Amino acid sequence: MTRLVLSPQEPLVAGGAAEALEQELQQTFRRGQRDVIVDLASVTAIDSAGIRALVRAHTTSQRLGGSLRLAAVSAAVMRVLEASRLAAIFETYSSVDAARLAAWPWHTVRVLMAGAVLCTVLVWIGMRWPLELAGIQTVSDSLQQADAMASSPVSRHPFIELSKLIAAALIGALVTAIHQPVSRDRPRSLEQAQILLCVSGAIMMIIIGNSLARAFGIAGAAGIVRFRTPVDDPKDVTILFLLMGLGMAAGLGAFAVAGLATAFLCIALLVLERMATQRTRLMSVELSAPGRQFPTRHVEAVLVRNEVVFEPREISQGKNDIRVKYHTWLDPRTSLDDLSAQLMAEGAGVDSVSWDQVKREKI
């Protein structure tokens, strides 16, 4: 991910420099840039207009899921930020290099390192103690223990079964951290459900053991469960099935298989994310304006500026307002809050903006 560095060369005060920086920052975000560093080494003074430019840029970056970092902030500028009680909201660094280093995706690096360690440990444990994890201590008494396992849903070693649940939970958390949806509208409950589903797969295999009767019993109980949360993305549905399979592998004690399969799935997800093209998001937007004159020029200028493909659909005249509905095709990363703020800018004449998901017609 590229990080743009803007370096103002004069004081950020009203009357030119501050307004120019604000315009440049907003245009930068509209062009698709998400992470911006502002080098303030040459800025000796700042007033309310300059602070407004930075605050608005910070708000926009947060809406877009990006970041705004300030580098080489002079003592005079820092005093103004502290007097305005705004210093705490900005990420400030001593130099541009320090800001660039902090802008690295350290969270992703930590997730990948933790995933590598987890998969390696699972494979090592699975190959080191395969019989113990399967519930068989030695080959000689495996037949005697098979009868005991058939009559009891829990192994004689509960801590081994606990380790299987912990492994399943860690596998679910790793896959959930790597699998990023195209749209940000995925509820957090689905992320939690993915982890719990992996654990549930392990629990089922622990309970079933080698009992065919218990297997049919769990299958009948699972048929009673009804999921009412819609999952629109086929990829999310596939991930749920894969997580169930990984949890079952952990529940069987096949840690080596679970570790290798988890590593393969995570690598496949990363590769597919790189290869995938972003599919446009079809949204319906309804705008309301007071009176009988709709600000068509302003609305369409905002949509064009944000590279939104649109098509007018409906116009309705009310007693005190006029409503126009558009169908829009947006980049999945586009912030609806930011678009709404631009459409409802002061003096634009738009009172309300309402977004709705449009279901694609089935072929």
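Quick summary incoming for the structure in this document. Note that the coordinates shown come from a computational prediction; the quantities given were computed from them, not determined experimentally.

## Here's the deal with the pattern of salt bridges
The final tally for this structure, using the stated rule, is 6 salt bridges. Residue Arg52 pairs with Glu22 through a salt bridge whose shortest N-O separation is 3.3 Å. Of the two residues, Arg52 sits in helix α2 (residues 48-63) while Glu22 sits in helix α1 (residues 17-30), which places them 30 residues apart along the sequence. A relative accessible area of 46% means that Arg52 is categorised as partly exposed. Across the salt bridge formed by Glu22 and Arg56, the nearest N and O atoms sit 3.0 Å from each other. Separated by 34 residues along the polypeptide, Glu22 in helix α1 and Arg56 in helix α2 bring together distant segments of the chain.

## Digging into the packing of helix α8 (residues 158-178) against helix α12 (residues 255-275)
Where α8 contacts α12, the axes come no closer than 10 Å and their chain directions differ by 5°. Comparing their axes, α12 and α8 come out roughly parallel. Judged by residue contacts, Ser163, Lys164, Ala167, Ile171, Leu174, Val175 and Ile178 of α8 engage Phe255, Ala258, Thr262, Leu265, Cys266, Leu269 and Leu270 from α12.

## Some words on the sheet that holds strand β4 (residues 91-93)
Hydrogen bonds between backbone groups are what pair the strands of a sheet, and the pairing can be parallel or antiparallel. The 4 strands are arranged β1-β2-β3-β4 in an open sheet whose pairing can be described as parallel. The sheet is open, and its two borders are formed by β1 (4-6) and β4, each paired with just one other strand. Pairwise comparison of adjacent strand axes, ignoring direction, gives a mean angle of 25° for this sheet. Bridge count for β1 against strand β2 (residues 35-39) is 3 bridges, and the pairing is parallel. Note on β2: the bridge partner recorded for Leu4 is Val36.

## Here we look at the packing of aromatic side chains
Counting across every chain of the model gives 2 aromatic pairs. Each ring, one from Phe310 and one from Tyr326, has its centre 5.9 Å from the other, and the planes form 80°; the classification is edge-to-face. Here the residue Phe310 occupies a position in strand β6 (residues 309-317), and Tyr326 occupies one in strand β7 (residues 321-330), the gap between them amounting to 16 residues. Its relative accessible area of 2% is what places Tyr326 among the buried residues.

## Some words on α8
Counting along an α-helix, one turn takes 3.6 residues, and residues three or four places apart therefore face a common direction. Across its 21 residues, α8 extends 31 Å between first and last C-alpha, which sits within 8% of the 30 Å expected from 1.5 Å per residue. Along α8, the residues classified as buried are Glu161, Lys164, Ala167, Ala168, Ile171, Gly172, Leu174, Val175, Thr176 and Ile178.

## A few points about the packing of helix α11 (residues 234-252) against α12
Between α11 and α12, whose axes approach to 8 Å, the crossing angle comes to 160°. Judged by the angle between their axes, α11 and α12 are roughly antiparallel. Crossing of α11 against α12: the hand is left-handed. Where α11 approaches α12, its residues Lys235, Ile239, Leu242, Leu246, Ala249 and Ala250 are matched on the opposing element by Phe255, Ala258, Ala261, Thr262, Leu265, Leu269 and Glu273. Considering only residue class, the contact of α11 with α12 consists of 10 nonpolar, 1 polar and 2 charged.

What counts, and where the lines are drawn
- Residues numbered from 1 in each chain as written.
- Predicted model: local features only at pLDDT ≥ 70, side-chain atom pairs only at ≥ 80, totals over all residues.
- Heavy atoms only, no water.
- Salt bridge = Lys/Arg side-chain N within 4 Å of Asp/Glu carboxyl O.
- Helix = DSSP H or I, 4+ residues; strand = E, 2+ residues; numbered from the N terminus.
- Buried < 20%, exposed > 50% of the residue type's maximum accessible area, 1.4 Å probe, protein only.
- Axes fitted to C-alpha atoms, helices over the stretch in contact; angles between N-to-C directions.
- Parallel < 35°, antiparallel > 145°, perpendicular 65-115°, else oblique.
- Contact = heavy atoms within 4.5 Å.
- Pairing = 2+ DSSP bridges.
- Phe/Tyr/Trp six-rings, centres within 6.5 Å; stacked < 30°, edge-to-face > 60°.
- Expected span 1.5 Å × (residues − 1).
- Left-handed = near helix turned anticlockwise from the far one by under 90°.
- Nonpolar A, V, L, I, M, F, W, Y, C, P; charged D, E, K, R; others polar.

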